[in-house]
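In case you want the letters, here they are:
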Amino acid sequence: SASKPAPMPTTINAAADLASEAPRVVLTGTVVSPTQLLGRNQFVIQAPDGRGLLVQGNAKQPTPSLHQTIRVEGTLVLNDSGMSLRMYATDRWTPAPTEGRRAVRVVDLLAPSAEDEWSLIEVTGTVAAVNKQSLTLHLGETAIRIRIPTVLGYRTERVKKVDTLRVRGLLALTKDEH
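Model, not experiment: these values are computed from the prediction.

The rules behind each value
Residues numbered from 1 in each chain as written. Predicted model: local features only at pLDDT ≥ 70, side-chain atom pairs only at ≥ 80, totals over all residues. Heavy atoms only, no water. Salt bridge = Lys/Arg side-chain N within 4 Å of Asp/Glu carboxyl O. Helix = DSSP H or I, 4+ residues; strand = E, 2+ residues; numbered from the N terminus. Buried < 20%, exposed > 50% of the residue type's maximum accessible area, 1.4 Å probe, protein only. Polar contact = N/O pair within 3.5 Å; in protein donor to acceptor, adjacent residues only side chain to side chain. Contact = heavy atoms within 4.5 Å. Lys, Arg positive; Asp, Glu negative; His and termini not counted. Pairing = 2+ DSSP bridges. Axes fitted to C-alpha atoms, helices over the stretch in contact; angles between N-to-C directions. Core = buried A, V, L, I, M, F, W, Y, C linked by side-chain atoms within 4.5 Å.

## Here's the deal with the pattern of salt bridges
Item 1. Evaluated as defined, the whole model comprises eight salt bridges.
Item 2. In this structure, Arg24 and Glu73 form a salt bridge, with 3.2 Å as the shortest nitrogen-oxygen distance. Separated by 49 residues along the polypeptide, Arg24 in strand S2 (residues 24-31) and Glu73 in strand S5 (residues 69-79) bring together distant segments of the chain.
Item 3. Taking relative accessible area as the criterion, Glu73 reaches 23% and is therefore assigned partly exposed.
Item 4. The partner of Arg24 in a salt bridge is Asp91, with the nearest N and O atoms 2.7 Å apart. One end of the pair, Arg24, is in strand S2; the other, Asp91, is in the loop between strand S6 (82-86) and strand S7 (93-95), with 67 residues separating them in the sequence.

Here it is in C-alpha cells:
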C-alpha cells in the first residue's frame, strides 16, 4: 500500500491558498465550538486573528474541549460546502501551547468571502424576530439570522423584539443565511 505524504506545517491563513490541491497539513488553532454544536466529530479551530476552519474529525479520538489549543493534522478539502480540514482514520490532534487571545474579525456582512467562514465576529443590532432556536437581528443595511442550538443552553424566550443585543459567535455562511 502507498504511504501518505508527511503533513506540511502551515497556518489557517495560508491554508486557503492550498485547499484546491487537497494537501496534507498540520494546523494549530484554538477550539471555539462546544462539543456536539456542529454534529459528531466536527469542531471549529481559529487562528489568533479570528479566522476559523471547520475540522471534520474521526471517531478515533474524542472531540477536543472548547478553548483548548491543539495541533491537528489532516487533509484540506474544498467543495461546495467550503473549505474544511478532514481527519482520516490515522490523523490525530494533540494539545499545543496556547496561542493567546483570539481577535474578533471584521467581516463585510453584505459581501462576506469564503475566508470569512467560521470567523469569530461580533455584531450589535435590534431584534426583529425571535424563534425557539434563532434570532433575527437588524444591523442597519442588513439583517442576519443567528442560530442558537440547544447545546448552547441559551433561552431565546428571554429576548424580545426591539431589544438591542451584542452577539459574539461563529460566522456560518449558507445559501440562505449568515
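## Some remarks on the side chain of Thr69
Item 1. Positionally, Thr69 belongs in strand S5.
Item 2. At 3.1 Å, the side chain of Thr69 and the side chain of Thr30 are in polar contact.
Item 3. When residues no more than four places from it in sequence are discounted, the contact partners of Thr69 are Thr28, Gly29, Thr30, Thr94, Pro95, Ala96, Pro97, Thr98 and Glu99.

## Regarding the environment of Leu137
Item 1. Considering the arrangement of structural elements, one finds Leu137 in strand S9 (residues 134-138).
Item 2. The buried category is assigned to Leu137, whose relative accessible area is 0%.
Item 3. Expressed as a C-alpha distance, the spacing of Leu137 and Leu165, which sit 28 residues apart in the sequence, is 8.1 Å.
Item 4. Other than its neighbours up to four places away in sequence, Leu137 contacts Val123, Gly125, Thr126, Val127, Thr142, Ala143, Ile144, Ile146, Leu165 and Val167.

## Focus: the side chain of Glu117
Item 1. Position of Glu117 among the secondary structure elements: in the loop between S7 and strand S8 (120-131).
Item 2. An unpaired buried charge is present at Glu117: no salt bridge exists, and Arg147, the closest side chain of opposite charge, is 9.8 Å distant.
Item 3. There is a polar contact of 3.1 Å between the side chain of Glu117 and the backbone nitrogen of Leu173.
Item 4. Residues contacting Glu117, with those up to four places away along its chain left out, are Gly52, Leu171, Ala172 and Leu173.

## A closer look at the pairing of strand S10 (residues 143-147)
Item 1. On S10, burial follows the alternation: Ile144 and Ile146 on one face are buried, whereas Ala143, Arg145 and Arg147 on the facing-out side are not.
Item 2. Here five bridges tie S9 to S10, and the two strands are oriented antiparallel to one another. Following the sheet pairing, His138 is matched in S10 by Ala143.
Item 3. Where S9 folds back on S10, the antiparallel hairpin that results is connected by four residues, among which Gly140 adopts a positive phi of roughly 80 degrees.

## Focus: the sheet that holds S8
Item 1. With respect to topology, four strands assemble into an open sheet ordered S10-S9-S8-S11, the strand pairing being antiparallel. Two strands lie at the open edges of the sheet, namely S10 and strand S11 (164-170), each paired on one side alone. Strand-to-strand twist of the sheet, defined as the mean angle between neighbouring strand axes without regard to direction, takes the value 50 degrees.

## Some words on the nonpolar core
Item 1. Among the nonpolar cores identified, the biggest contains 14 residues, and Leu109, Ile121, Val123, Leu137, Leu139, Ile144 and Leu165 are the most heavily contacted of them.
Item 2. Sort the elements by how many residues they give to this core and S8 lands first, with three residues.
Item 3. Sequence-distant contacts of Ile121, defined by excluding residues within four places in its chain, comprise Val104, Arg105, Val107, Leu109, Val167, Arg168, Gly169 and Leu171.
Item 4. Among the nonpolar cores identified, the runner-up in size contains 13 residues, and Ile70, Val72, Leu85 and Trp93 belong to it.

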